[in-house]
Amino acid sequence: MRSAKIRFYILLSFLTLPEIAMAAVPRLSDLDLPGNIPSQTEYYEISAADYSLENPGFLKFRVKAEHATYEVVGLRPLAKLLREIEVIEKVRRNEKTSGFFDGAASSVEATRKGLTTLASHPIDSVKGVGKAAGKLGRMVGRAFTKKEKGEQTSFNEKLLGSSKRELAKQFGVDAYTTNPYLNEVLNEMARARLGGKGATVVLKFLIPVAGLASVALTASGVNATADRLVNDSSLPDLFRINQQALLSLGFDRKEAERLLNSSILTPREVTYLRVYLEKLKNIKGYEEISAGVCEAKKPEAARKIMDEAQLAAEEAAQNPNYERLEIFSEGLALADSKRLILVTAYDYLDQSKLGDQILLKANQLAEEWRKNFIEIWNGGKVTDEFRARASRQNIKVRNGLLFETPRTA
């Protein structure tokens, strides 16, 4: 019976192609940006939103700030970027109420073009420290020994890493961000704090932290679990902790290092992913997640799989009865004894060629896996038209899941 339904929906998709071609580009006012994200503040303006032709199902945004104009694909990267812009602009405008200039205002001069280079070099702060200074020298020397790509760290990171991570955590941004403007802000602020506090800071960041973090992590929300580790670990320590965790999951060293040395994912994202894998380890096929991320050619494709894995991990933490997991271009399929869930992480799922493809895949998998109940769980927005079409095929739809409060793991 379901096979006949599948053939019918294939025919229906061809009959509705003219309608699909006329789908309207969503207006900013129609997007219902999650988390009460305003399209304009005193720090930025989201000046345009459009479909990403290279990444169907995702939206491309242009964001203007005083220091730069950005283009970003995806609602989640957009939310992260807007927070980073706010931080950068507050520093540049020397807003003392932002908390950035606590004890460091005299060390940093903000200009319209960015932060100036500090006159005092942070290495001066180690003068007179004695044994601590000698330990610093040995530690810096080890920075030049052979390491895996994912654990390599610069002299700057060795010297400023602890202070930089502390600042990033305080301001709600990622110390391992790829935003060059934010990196400049964090590095300059870390230098200012290090120069201002002298030997106390030097002694603090010489304390080894590898033994303080547990490989087996438990917490509320899978991302919160990873965030605590990333915020408190240096790059080499983070690499070793994640490596040990992956080896404990049964990955061989080559597979583990392939993921850890990813040129697409940041250290924080790698940590997120390995926590998801831990949560999903009892489900057949969970290894496909790591393989899919490593084989992705573009950051958007890798992050789509990661977002789908996050939703699957949060669900698996609540329901231990899932039996099977498989990755497809449309999404991540998750099944228990009766139900099939196709987890998708699109920004905007509407009545389009992609929408029809997802419905078709859900029906095909339910037929092949012999499941009676089908659900689609999407990370972002689902239009009423898509929901109605899914309902006519007896498919339930949930949406906005990537922007809900995480459930307790």
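Shown above is the structure to which this text applies.
As the structure is a prediction and not an experimental result, all values here were calculated from the model.

K.L.:
In this structure, what is going on with the nonpolar core? I would like to understand it.
P.N.:
Most often, soluble globular proteins keep nonpolar side chains buried together rather than apart. If you look at the biggest cluster of nonpolar residues, it comprises 42 residues, and the most contacted ones within it are Leu 265, Leu 280 and Ile 289. Among the elements that take part in this core, helix α13 (residues 299-318) stands out by supplying eight residues, more than any other. Once residues lying within four places of it in the same chain are set aside, the contact partners of Leu 265 are Leu 259, Val 270, Leu 273, Val 293, Ala 302 and Met 306. Counting residues in each nonpolar core, the second largest holds 31 residues, with Ile 37, Ile 46, Phe 61 and Ile 85 among its members.

K.L.:
So what exactly am I meant to see when it comes to the pairing of strand β7 (residues 332-335) here?
P.N.:
Successive side chains on a regular strand alternate, one facing one side of the sheet and the next facing the other. The two faces of β7 match: Leu 332 and Leu 334 on one face and Ala 333 and Ala 335 on the other face are all buried. Relative to β7, strand β6 (residues 324-327) is paired through four bridges, and the arrangement is antiparallel. In the sheet register, Leu 325 faces β7, and the bridge partner there is Leu 334. Hairpin remark: β6 followed by β7, antiparallel, with four residues in the connecting loop. Pairing between β7 and strand β8 (residues 339-344): four bridges, direction antiparallel. Bridge pairing links Leu 334 to Ile 341 in β8. Counting the residues in the hairpin turn of β7 and β8 gives three residues.

K.L.:
Explain helix α3 (residues 75-92) to me, please; I cannot follow it from the model alone.
P.N.:
Residues separated by three or four positions in an α-helix point in the same direction, a consequence of the helix having 3.6 residues per turn. The terminal C-alpha atoms of α3 lie 26 Å apart, and with 18 residues this matches the ideal 26 Å at 1.5 Å per residue to within 8%. Asn 94 sits one or two positions beyond α3 and adopts a positive phi of about 55 degrees.

K.L.:
Can you walk me through the side chain of Glu 375 in this structure?
P.N.:
Summarising the element assignment, Glu 375 is placed in strand β10 (residues 373-378). Given a relative accessible area of 14%, Glu 375 falls into the buried group. At 2.8 Å, the side chain of Glu 375 and the side chain of Trp 377 are in polar contact. In this view, Glu 375 contacts Arg 339, Leu 340, Ile 341, Leu 342, Ile 395 and Lys 396; residues no more than four positions away in its chain are not counted.

K.L.:
Would you mind going over the sheet that holds strand β3 (residues 69-73) with me for this structure?
P.N.:
The pairing of strands in a sheet happens through backbone hydrogen bonds and is either parallel or antiparallel. The strand order across the open sheet formed by three strands is β1-β2-β3, and the pairing between neighbours is antiparallel. Only two strands of the sheet have a single neighbouring strand rather than two, namely β1 (45-51) and β3. Each strand of the sheet is rotated relative to its neighbour by a mean of 20 degrees, with strand direction disregarded. As paired strands, β1 and strand β2 (residues 59-64) are joined by six bridges and run antiparallel to one another. The partner of Tyr 51 across the bridge, within β2, is Leu 59.

K.L.:
Looking at this structure, I do not really get the pairing of strand β12 (residues 395-398). What am I missing?
P.N.:
On β12, burial follows the alternation: Ile 395 and Val 397 on one face are buried, whereas Lys 396 and Arg 398 on the facing-out side are not. Here β10 pairs with β12 via four bridges, running parallel. Looking across to β12, one finds that Glu 375 is bridged to Lys 396.

K.L.:
Looking at this structure, how should I read a negative patch on the surface?
P.N.:
Taken together, Asp 252, Glu 255, Glu 287 and Glu 288 make up a surface patch of like negative charges. By secondary structure assignment, the location of Glu 288 is in helix α12 (residues 287-295).

K.L.:
Any chance you could explain unusual backbone geometry here in plain terms?
P.N.:
Most peptide bonds take the trans form, and the phi angle of most residues other than glycine is negative. The phi dihedral of Arg 370 falls on the positive side, at around 60 degrees, and the residue is not glycine. With respect to the secondary-structure elements, Arg 370 resides in the loop between α14 (353-369) and β10. Unlike most non-glycine residues, Asn 394 shows phi in positive territory, near 60 degrees. Following the sequence through the fold, Asn 394 ends up in the loop between α15 (384-392) and β12.

K.L.:
Whenever I open this one, the sheet that holds β8 confuses me. Can you help?
P.N.:
Read from one edge to the other, the open sheet built from five strands follows the order β6-β7-β8-β10-β12, with strand pairing classed as mixed. In this open sheet, the two edge strands, each paired with only one partner strand, are β6 and β12. For this sheet, the mean angle separating the axes of adjacent strands, direction not counted, is 20 degrees. Looking at chain direction, β8 and β10 are connected through six bridges and run parallel. Paired with Leu 340 across the two strands is Ile 374, which belongs to β10. Sheet strands touched by α15: β10 and β12. Its angle to β12, the strand with the most contacts, is close to 150 degrees.

How each quantity is defined
Residues numbered from 1 in each chain as written. Predicted model: local features only at pLDDT ≥ 70, side-chain atom pairs only at ≥ 80, totals over all residues. Heavy atoms only, no water. Core = buried A, V, L, I, M, F, W, Y, C linked by side-chain atoms within 4.5 Å. Buried < 20%, exposed > 50% of the residue type's maximum accessible area, 1.4 Å probe, protein only. Helix = DSSP H or I, 4+ residues; strand = E, 2+ residues; numbered from the N terminus. Contact = heavy atoms within 4.5 Å. Pairing = 2+ DSSP bridges. Expected span 1.5 Å × (residues − 1). Polar contact = N/O pair within 3.5 Å; in protein donor to acceptor, adjacent residues only side chain to side chain. Axes fitted to C-alpha atoms, helices over the stretch in contact; angles between N-to-C directions. Patch = residues over 30% accessible without salt bridge, like charges linked within 9 Å, V, L, I, M, F, W, Y side chains within 5 Å. Areas by Shrake-Rupley, 256 points an atom, 1.4 Å probe, with all protein chains shown as cover. Salt bridge = Lys/Arg side-chain N within 4 Å of Asp/Glu carboxyl O. Lys, Arg positive; Asp, Glu negative; His and termini not counted. Charge placed at Lys NZ, Arg CZ, Asp CG, Glu CD.

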